[in-house]
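# Commentary on secondary and tertiary structure
Now for the letters of each chain:
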Amino acid sequence: MATPQTNESGKSPDIGTGSVTGSVTGSVTGSVTGSVTRSATGTGTAAASVDQLSLNPTLDLKRKQSTKAAAELTPSEDLDISNVKTKPAPRKPIEPTFRGWKEVGKYEENDALTEEDENTDLLSKGSSIDSVLPPVIYGDWYHNAGYLIVGGLLSWIVGWFRFSIAPVFFIMVVFSILYRASVKKYRGVLREQAQREFSIKKIETDYESMDWANYFLEQFWAYLEPSISQIVCDQANPIMASNPYVPAFIKALWIDSFTLGTKPPRVECVKTMHGTADDVVVMDWGFSFTPNSLVDANFKQLKSKVNQKTVVRIKLFGVSIPITVSDVSCKGLARVRMRMMTSFPHVETINVSMIEPLDFDFNTKIGGESNFWWEVLSLPGLYPFINEMVKKYVGPMLFSPLSFQLNVQQLLSGNALNSAIGVLAITVDSARGLKGFSSIGNTLDPYLTFGFKSDVLAKSTTKSDTKAPVWNETFYLPVTSLSEPLHISVVDFNDFRKDREVGVILFDIESCVDNPKQSGLSAPFLRNNKPVGELSFAIQYMPTLEPIKQADGAVIPPPDLNTGIASITIEEAKQLRGGDKGVSAYAELKLNNDSVLKTNLIKNSNSPGWGSSTEEIIFNKAKTRVKVLIKDKNDRVIGQVNTNLNSLIDATQVDQTWFPLSKGGEVRITTNWKPVSIEGGSAGVGYAPPIGAVRISIKDAEDLINLETIGKVDPYAKILVNGVERARTVACESTLHPTWNEIHYATVTSPNQKLTIEVMDVEAHSPDRTLGSFDVKLTDIIQKDETGHYIEYIDTKPRTSKLIHKKGMKGYVHYSISFYPAIPVMSLSEIKEEEEEKKKAEQEAAAAAEAAKAEGKEPGAKPAAKEDDDEGFGDVMEAKEKLTLEQLIEHTSGVFVYEIIDGTLSKDDVFLQAFFDNNMFNNFVTTEIKRKKAKLGLTGDAVIPELEWSQATFRLVKNNDDNRAAKAIAETSIPTLQLLKNAYSKPTKIKLSGAGEATFTVQCSWIPLVYHAGIPPQDSINNAGILTVEVLRAEGLPAADSNGKSDPYVELFLNTEKKSFHKTKKVKKTLSPEWNESGEVEVANRYDSDIKLVCMDWDMAEKDDLLGTGYIHLKEYDTTRGPVEAEVPLFGENGESAGKAFVRLSFKTQFVMNVKARGTAAIGLTTVGSVGAGVGKGVTKGVGTVGKGIGSGIKGIRRGLRLGGGSSGSD
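Just so it is clear, the structure is predicted and the values come from calculations on it, not from any experiment.

### Focus: the overall build of the protein
Across its full length, the protein holds 15 helices and 55 strands. A burial count over the protein gives 49% of its 1211 residues as buried. Total accessible area computed for the protein in this model is approximately 59,700 Å², and 54% of it derives from carbon and sulfur atoms.

### Comments concerning unusual backbone geometry
Residues S400 and P401 are joined by a peptide bond in cis, for which omega reads 10°. Examined against the element boundaries, P401 turns out to sit in the loop between α10 (395–398) and β11 (404–407). For D655, which is not a glycine, the phi torsion comes out positive at approximately 60°. Note that D655 resides in the loop between α12 (645–653) and β28 (658–660). In this structure D655 comes out as exposed when scored by relative accessible area, which is 56%. The backbone phi angle of N722 is positive, close to 55°, even though this residue is not glycine. On the secondary structure map, N722 appears in the loop between β31 (715–721) and β32 (724–728).

### Quick word on the environment of D632
Structurally, the position occupied by D632 is in strand β26 (residues 625–632). Put simply, D632 and L601 are 31 residues apart on the chain and 8.3 Å apart in space, counted from C-alpha to C-alpha. Apart from residues lying up to four places away in sequence, D632 is in contact with V583, S584, A585, Y586 and I638. A polar side-chain atom of D632 sits 3.0 Å from the main-chain amide nitrogen of N634.

### A closer look at the sheet that holds strand β40 (residues 894–905)
A sheet is described by the order of its strands in space; here 8 strands give the open sequence β42-β41-β44-β45-β46-β47-β40-β43, paired in antiparallel fashion. Edge positions in the sheet fall to β42 (924–925) and β43 (933–944), since each of these pairs with one other strand and no more. As paired elements, β40 and β43 share 10 bridges and run antiparallel to each other. When the bridges of β43 are listed, I900 appears paired with L938.

### Structural notes on the pattern of salt bridges
Following the criterion strictly, the structure yields 27 salt bridges and no others. Here E615 makes a salt bridge to K674, at a shortest N to O gap of 3.1 Å. Residue E615 is located in strand β25 (residues 609–618), and its partner K674 is located in strand β29 (residues 666–675); the two are separated by 59 residues in the primary sequence. Taking relative accessible area as the criterion, K674 reaches 3% and is therefore assigned buried. Salt-bridge contacts for E1127 lead to K1140; the nearest nitrogen and oxygen are separated by 3.4 Å.

### Section: the pairing of strand β22 (residues 564–574)
Note on strand geometry: in a regular strand, side chains alternate between the two faces of the sheet. Buried residues dominate β22, accounting for 11 of its 11 residues. Strand direction decides the pairing type here: β22 and β25, joined by 8 bridges, are antiparallel. What sits directly across from I568, in β25, is T614.

### Some points on a nonpolar patch on the surface
A surface patch of nonpolar side chains, amounting to about 850 Å² of accessible area, comprises V150, L153, L154, W156, I157, W160, F161 and F163. Turning to its location among the elements, F161 is positioned in the loop between α5 (141–160) and α6 (166–199). Taking the relative accessible area as the measure of exposure, F161 reaches 52% and is therefore exposed.

### Some remarks on the packing of aromatic side chains
Aromatic ring pairs are defined here through the distance separating the ring centres and the angle between the ring planes. Per the counting criterion, the structure on display carries 20 aromatic pairs. A centroid spacing of 5.8 Å and a plane angle of 80° characterise the contact between W141 and Y142, whose relative ring orientation is edge-to-face. Assessed through its relative accessible area of 46%, Y142 is described here as partly exposed. Centroid distance Y147 to F175: 6.4 Å. Interplanar angle 65°. Geometry classified as edge-to-face.

### Let's talk about a positive patch on the surface
A contiguous patch of positive charge on the surface is contributed by K1063, K1066, K1068 and K1069. Among the structural elements, K1066 can be located in the loop between β50 (1062–1063) and β51 (1074–1083).

### Remarks on the environment of V246
On the secondary structure map, V246 appears in the loop between α7 (211–242) and β4 (250–259). Note on V246: relative accessible area 14%, which makes it buried. The contact partners of V246, leaving out residues within four places of it in the chain, are R91, M240 and L253.

### A few points about the sheet that holds β25
If you walk across this open sheet you meet the 4 strands as β25-β22-β29-β28, and the pairing is antiparallel. In this open sheet, the two strands that pair with only one neighbour each are β25 and β28. If you compare each strand with its neighbour and ignore which way they point, the axes differ by 30° on average. Taken together, the 10 bridges between β22 and β29 define a ladder with antiparallel strand orientation. Within the sheet, the bridge partner assigned to I565 lies in β29 and is K674. Against the sheet, α12 contacts β22, β25, β28 and β29, and its axis sits at roughly 95° relative to β29.

### A few points about the environment of L707
If you trace the backbone, L707 turns up in the loop between β30 (692–702) and β31. Residue L707 is classed as buried on the basis of its relative accessible area, which comes to 18%. Measuring from C-alpha to C-alpha, the distance between L707 and R769 comes to 8.6 Å, with 62 residues separating the pair along the chain. Setting aside residues no more than four positions away along its own chain, L707 makes contact with V713, R769, T770, L771 and K807.

### Brief notes about the side chain of S950
With respect to the element layout, S950 can be found in the loop between β43 and β44 (951–957). Residue classification places S950 among the buried residues on the basis of a relative accessible area of 2%. A polar atom in the side chain of S950 sits 2.8 Å from the side chain of D917. If we ignore the near neighbours within four places in the chain, the residues touching S950 are D917, I944, P975 and T976.

### Topic: the nonpolar core
The biggest cluster of nonpolar side chains holds 50 residues, and the ones touching the most others in it are F896, I900, F954, L956, L979, L992 and F1000. Setting aside anything within four residues of it in sequence, one finds L979 in contact with F896, A952, F954, I974, T988, I990, V1002 and C1004. Listed in part, the 33 residues of the second largest apolar core include V694, V759, L778 and Y790.

### Digging into helix α15 (residues 976–983)
Residues spaced three or four apart along an α-helix face the same direction, because each turn holds 3.6 residues. Where α15 is concerned, the buried positions are T976, L979, L980 and A983. Angularly, the buried residues of α15 cover 100° about the axis, an arc narrow enough to put them on a single face.

### As for the confidence of the model for the protein
The predicted model of the protein has a mean per-residue pLDDT of 81, with 84% of residues at 70 or higher. Confidence drops under a pLDDT of 50 for residues 1–73, and excluding neighbours within four residues, the segment shows 182 contacts in the predicted structure. Note that pLDDT drops below 50 for residues 1159–1211; the model gives that stretch 223 contacts with residues more than four away or on any other chain.

The rules we used
- Residues numbered from 1 in each chain as written.
- Predicted model: local features only at pLDDT ≥ 70, side-chain atom pairs only at ≥ 80, totals over all residues.
- Heavy atoms only, no water.
- Helix = DSSP H or I, 4+ residues; strand = E, 2+ residues; numbered from the N terminus.
- Buried < 20%, exposed > 50% of the residue type's maximum accessible area, 1.4 Å probe, protein only.
- Areas by Shrake-Rupley, 256 points an atom, 1.4 Å probe, with all protein chains shown as cover.
- Contact = heavy atoms within 4.5 Å.
- Polar contact = N/O pair within 3.5 Å; in protein donor to acceptor, adjacent residues only side chain to side chain.
- Pairing = 2+ DSSP bridges.
- Salt bridge = Lys/Arg side-chain N within 4 Å of Asp/Glu carboxyl O.
- Patch = residues over 30% accessible without salt bridge, like charges linked within 9 Å, V, L, I, M, F, W, Y side chains within 5 Å.
- Phe/Tyr/Trp six-rings, centres within 6.5 Å; stacked < 30°, edge-to-face > 60°.
- Lys, Arg positive; Asp, Glu negative; His and termini not counted.
- Charge placed at Lys NZ, Arg CZ, Asp CG, Glu CD.
- Axes fitted to C-alpha atoms, helices over the stretch in contact; angles between N-to-C directions.
- Core = buried A, V, L, I, M, F, W, Y, C linked by side-chain atoms within 4.5 Å.
- Arc of directions from axis to C-beta.
- pLDDT = per-residue confidence, 0-100.

Structure (structure tokens):
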């Protein structure tokens, strides 16, 4: 494999993951003979930052291949390489000789031009001939032409009279001197004429100049261009070296010299169109890229004025052949149309079209760079041919009114330039009045094809002998650009002759942006610009749902849908069993046994690279099976991988893209998923059963980055799986050291899924800001035993991870991770499918037996198995158990799966939320329900540690980010066990009531979890409730007053709270006070919470003195059987003993609401208020403190699965 290039320092250049290539143009006018030069194209390359994306998927793919280190080539255990003696040497990238204008021009520091050097060129130095020649005989274009004609005529006369060659020599000398003097004067005249035009003020137009931008670019171009040239060489050379399409006889291919020159591209003019839509900006940009005029430059000026030059060298048969492209110039006028959006980066799409054909010119030489080598474009007819080819192939993409579209949001999401941006559903009703071709015996048997350009993406059924066919069929097409019209063809089917196209409809789908669903459409079929029938159809455009990246780097993920577009790329294979000569192999991709991709055949290589990709519309991601077959040139299977689509997507998320092949070797497959809400698709039906649940115990954070100008941030933590939020903590008010003590669960379907913990800052009137994040590698905690079953994992000690923010690494999070495997059980649908397959297999076996009996064969004979029916390597599916509901609920811990099928509501434009147990944020929320009768088909899940005590709550709300404290339109609560019994075997209805009403149809299932070590005490229903702390007395307190006594009182704090939830009265002049006072506080996670007891000495005029501090670790006291007395040692500021305090603890299990409703003026735990009346002081206080209000709440779909507590928080 090729290794990446390095710069002079030995380090890889600090560049992004891709390069952005674009064209800048200008025109060259004026030749010394008065002829007009050709027009030209040039390509400029700009450096890309780390966040930029490759605009060329092929370059991006090959760059990834080239950067793989040789250490990755680890042989598979089953690969026999004992007979392999040598390994084919890969084509290695070669360092360029010159990069940038300084190296190409051989510029040195002492070559810097002074003002005198700038003004002194060859025109400024006259010769002796100029002083004696009369002005009338030289200096114009006809003088130049006359000298050439007369010199040629005199040379011909000398030859005609058969004189010697000597007179010809004198003729050449004389006319060369005359011609040189005339041309120098002519060029001076041309410059004067150009200067005259520049000095005249132009007539006013509606175009604006961009001199300020051009001046800025001119000042920095000399410093920017060398870096751009280095980036181009460093990225292009490894790609060219590893390109599998380069013939094997070419031993080396590289860019030997590259520069964009010292003259930057220019923006000649710009104009903004008026009268466009509010979210559309249309601008005309005139641009040019012209080389320096070097005809009259002296030697020193040539070093500082360098034109564009690219030298590509090809080494074959031991000879290095250079190909030089130089003096690139081009000029054009482009129209740019930008569609804006509210979220960052605020530009959704950019359409670029050329208002007029591009003028371009360049010089090309093969064999060398000197003037003695032949200029390729001098070949008659070649340049016009290139122009025509550009118009033919580039015109349909760029020339107005057609345009090239860039989807900015797609690119920022990491998708390729030509990837799909949505799905177009076409419902074809019927056609009428079709006119076929008149011929004897011909009938019209029409069918339809759908696609873009020449690509056919779908095909209808054929209707026999009719001019008014009726189809009533729906087709789904991936859309890569809305600027390309939809191509609908009606074709006449013929049995023995080639099918003939009857007519075509070109439908502009740009209107789908503003009107995505259009019904009742009709359009005429055209043939030779004449109507030959009419089609009735409807279309609906469904865009891909991309993550929204905020300006601060925070990402709002898209919903995790079961429908969408899967982009699968078969990158390469390695260590195939092909012997010394290698194997000629290609790859075939099958989805649900349908072949969707075949790569090209790579000959004689045990490590073939294909880089072939396809994008397929997926209607049920969870049930899509994937098979990759590696075949030789005789179509014999030499290896395969069997897996499912979810596993491929998860593996790409964590960069585990190498899969072992069944017969030795490995293949690399990358898969990207773009969710699309396809109407009628199985968005929720295809639920992927989890392999288990990851338990995340988030304790606290410290030293967080402070993004506030005044005050401190209000942090909370959220948990994401593959970028989708699954849980979140409450928010702590105004602190850089929050304590959460919360437990959350997230179900996982594969060890390759990416678990992310991100800390966010609550914002009142804008999206929440990220404070940093980090990933947790699940493959380290999710393991299998020798029998192939997943095993339980529990962290033995807390973890600490550093938060990574775009401003750097700042802050730590303390947490712990556990994994509890699920028992694989068959769902009702799987049981039904198994019974149907069994019945079908019995019928097929009976039919086969009858057929064999009729043919006289042995009835029990088995048909020969196909070669590609091998199970292959990939997912090892555990055998699922078939359990009844009674057997399932014997396991009281598990994953509760619920499908919301449909609903009938009294109000529209609402959201349905689901909460379980003590969760403060929803486990599940639907998309916006816009109709009063809606089909939903959405599935959610929740981890239930104790099924017998679990409670399910469904709420209908106006805002999808409302927490549990917010007011609901309607709601209902039901024991989870009862809901499971009611809705397991068949769907049941649940009714929500309140200010509005709603009825939803749900069906539920249960997947047991295995807790070998028992349910953690933090997950018990007894872990949340009201804690009562009665402060009894103290003894042995230190004396703080001059009289040898103290005036002690006690304050009680929960965890790291700043304000106490109870303060006793003061007892004067004693070291053994008695208080007998009690205070109450809500505790959401009793097991992990601590009570801080602070004993103070009261002073009238001065600040109170600290007597001692003690801690009560609640997990050390069993309060389930009644009140428990505790002795609390007290310690002074320096750790010295400060006596003892005695308290009595009692705990009452109760639901704890530890959040405020969105839009309230505080965040933190709700106050207990009058519930906790103290014995001596009156009303005790809760833990909540006043913080900044939250106007917009927490954004996006919340999936918190279990909530602990102990610290202030709210939405």
